[in-house]
Amino acid sequence: MRKVIGSALAGAFCLGSVVLVGAGSAGAQGTTTTTTTPTTTTTAAPYVSGNKYLSVNVDTVVGSGSPTGSVTSGGCGLENVFGQGATVVFRMWGIANATGQPLVASNVKSVVIQDLPGVTTPPAMAYSTRDGYWTYGWKTSSATPIGVVPFKVVVTLNPLGAVYRTVHVAYRVKVNGKTTVLHKTVKILVSATVPAATYTFTQTGQAATSQLTIQQSA
């Protein structure tokens, strides 16, 4: 959930796509060049975090969904500061380290958001096959407390059993001076058992200017 772009580029980032606006543009005859420098913002903490079982990234984007939980294509800008009444869309994506596969509905048991003010039951994020990540839209209100939101995103994998490969081998033995060829089947471990591993994403270590913040509506 890092604020990684300035307001000049916010509109270029949309749900389901990432489009960077070019820094320069030339005139019809190529004689004029205009350069735009985006606003410098603070970045903190690794872009991807996790443990030996999974690596995840979480960010927030501006949404226009209503009611709570809905995510619409109207939201585009990556942002971490929202006014009361705005819809905060959480996004999560990552990798299951044991297999190198992306975190999708088949290998993830659950993704829930904890410690949202005014939300008693931790909401579940849903996987979007269209966009390739997990999302949840949090509709704030005029009663939502202002300040930093100390949310957590808890990702739990489905357990994965050990994977073996079967190999047939032949070997020779001598019995009473006579050589005999015998055959047997051997199982070779390809990947070890992966438990229902859990990782909790927090904003710990990020600069205050990069953390999800609710401000009073104008």
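What counts as what
For every chain, the first residue of its written sequence is number 1, and the numbers climb from 1 along that sequence. Where local features are concerned, this predicted model is filtered to residues with pLDDT of at least 70; where side-chain atom pairs are given and counted, the filter is 80 or more; whole-chain, interface and lining totals use all residues. Computation of side-chain values covers all heavy atoms of the structure but excludes hydrogens and water. pLDDT measures the predictor's confidence residue by residue and takes values from 0 up to 100. Residue contacts are defined here by distance: any two heavy atoms, one from each residue, within 4.5 Å place the two residues in contact. When two rings of Phe, Tyr or Trp (its six-membered ring) have centres within 6.5 Å they constitute a pair, described as stacked for plane angles under 30 degrees, edge-to-face for angles over 60, and tilted for the intermediate range. Elements are defined by DSSP. Helices are runs of H or I of four residues or more, strands are runs of E of two residues or more, and each kind is numbered from the N terminus. Note on classification: 1.4 Å probe, protein chains only; a residue is buried when its accessible area is under 20% of the maximum for its type, exposed when over 50%, partly exposed between these limits. When the NZ atom of lysine or the CZ atom of arginine is within 6 Å of a ring's centre and also within 35 degrees of its normal, the charge is said to sit over that ring. Polar contact criterion, stated in full: a pair of N or O atoms within 3.5 Å, where within protein one must be able to donate a hydrogen and the other to accept it, and residues adjacent in sequence count only if both atoms are side-chain atoms. The definition of a nonpolar core used throughout is a set of buried Ala, Val, Leu, Ile, Met, Phe, Trp, Tyr and Cys residues joined through side-chain atoms within 4.5 Å. Being paired, for any two strands, means DSSP has found at least two bridges between them. What counts as an axis is a line fitted to C-alpha atoms, over the stretch in contact for a helix, and the angles between N-to-C directions run from 0 to 180 degrees. Each reported salt bridge corresponds to a side-chain nitrogen of Lys or Arg within 4 Å of a carboxyl oxygen of Asp or Glu.

A. Representation of the confidence of the model for the protein chain. The pLDDT averaged across the protein chain works out to 75; a share of 68% of its residues lies at or above 70. Segment residues 1-47: pLDDT under 50, and 86 contacts once partners within four positions in sequence are set aside and those in other chains are kept.

B. Representation of the packing of aromatic side chains in the model. Tallied over the full model, the rule gives three aromatic pairs. Between F90 and F151, the ring centres sit 5.0 Å apart and the planes meet at 65°, which makes this aromatic pair edge-to-face. Separated by 61 residues along the polypeptide, F90 in strand β8 (residues 87-96) and F151 in the loop between β13 (147-148) and β14 (152-157) bring together distant segments of the chain. Measuring from centroid to centroid gives 5.7 Å for W93 and Y133, while their planes differ by 45°, and the two rings are tilted. Of this pair, W93 sits in strand β8 while Y133 sits in strand β12 (residues 133-139); the two residues are 40 residues apart in sequence, bridging distant segments of the chain. Residue classification places W93 among the partly exposed positions, given a relative accessible area of 24%. Directly above the ring of Y133 sits R91, whose terminal nitrogen or CZ lies 4.9 Å from the centroid.

C. Region of interest: the side chain of N80. Residue position: N80 is located in the loop between β6 (54-63) and β7 (81-83). N80 sits in the buried class, given a relative accessible area of 0%. In this structure the side chain of N80 is engaged in a polar contact, spanning 2.9 Å, whose partner is the backbone oxygen of T209. Of note is the side chain of N80, whose polar atom sits 2.7 Å from the backbone oxygen of Q211.

D. Quick peek at the nonpolar core. By size, the foremost hydrophobic cluster in this structure holds 27 residues, and its most contacted members are F90, M92, L103, F151 and V153. Listing elements by their share of this core, those giving two or more residues are β6, β8, β10 (108-114), β12, β14 and β17 (198-201).

E. Broad picture of the sheet that holds β17. The antiparallel open sheet is built from three strands, whose spatial order is β10-β14-β17. Either end of the sheet is taken by a strand with one partner, and the two such strands are β10 and β17. If you compare each strand with its neighbour and ignore which way they point, the axes differ by 15° on average. Relative to β14, β10 runs antiparallel, the two sharing six bridges. In the sheet register, V112 faces β14, and the bridge partner there is V154.

F. Highlighting the sheet that holds strand β18 (residues 213-215). Here we have three strands laid out as an open sheet, ordered β7-β18-β13, and mixed in their pairing. Across the chains shown, the open sheet's two edge strands, defined by having one partner strand only, are β7 and β13. Here β7 pairs with β18 via three bridges, running parallel. Opposite V81, over in β18, you have T213 as the bridge partner.

G. Representation of unusual backbone geometry. At D115, a position not held by glycine, the phi torsion is positive, near 65°. Of note, the phi angle at N176 is positive, near 55°, even though the residue is not glycine. By the element assignment, N176 lies in the loop between β15 (163-175) and β16 (178-191).

H. Fine view of the pattern of salt bridges. With the rule as written, the count across this model stands at three salt bridges. Between D59 and R91 there is a salt bridge, with its nearest N and O atoms 2.9 Å apart. Taken together, the residues span a long stretch of sequence, with D59 in strand β6 and R91 in strand β8 at a distance of 32 residues. For the residue pair D59 and R91, the accessibility class agrees, reading buried in each case. The residue K152 makes a salt bridge to D115 at a minimum N-O spacing of 2.5 Å. Taken together, the positions of K152 in strand β14 and D115 in the loop between β10 and β11 (126-128) put the pair 37 residues apart, joining distant regions of the chain.

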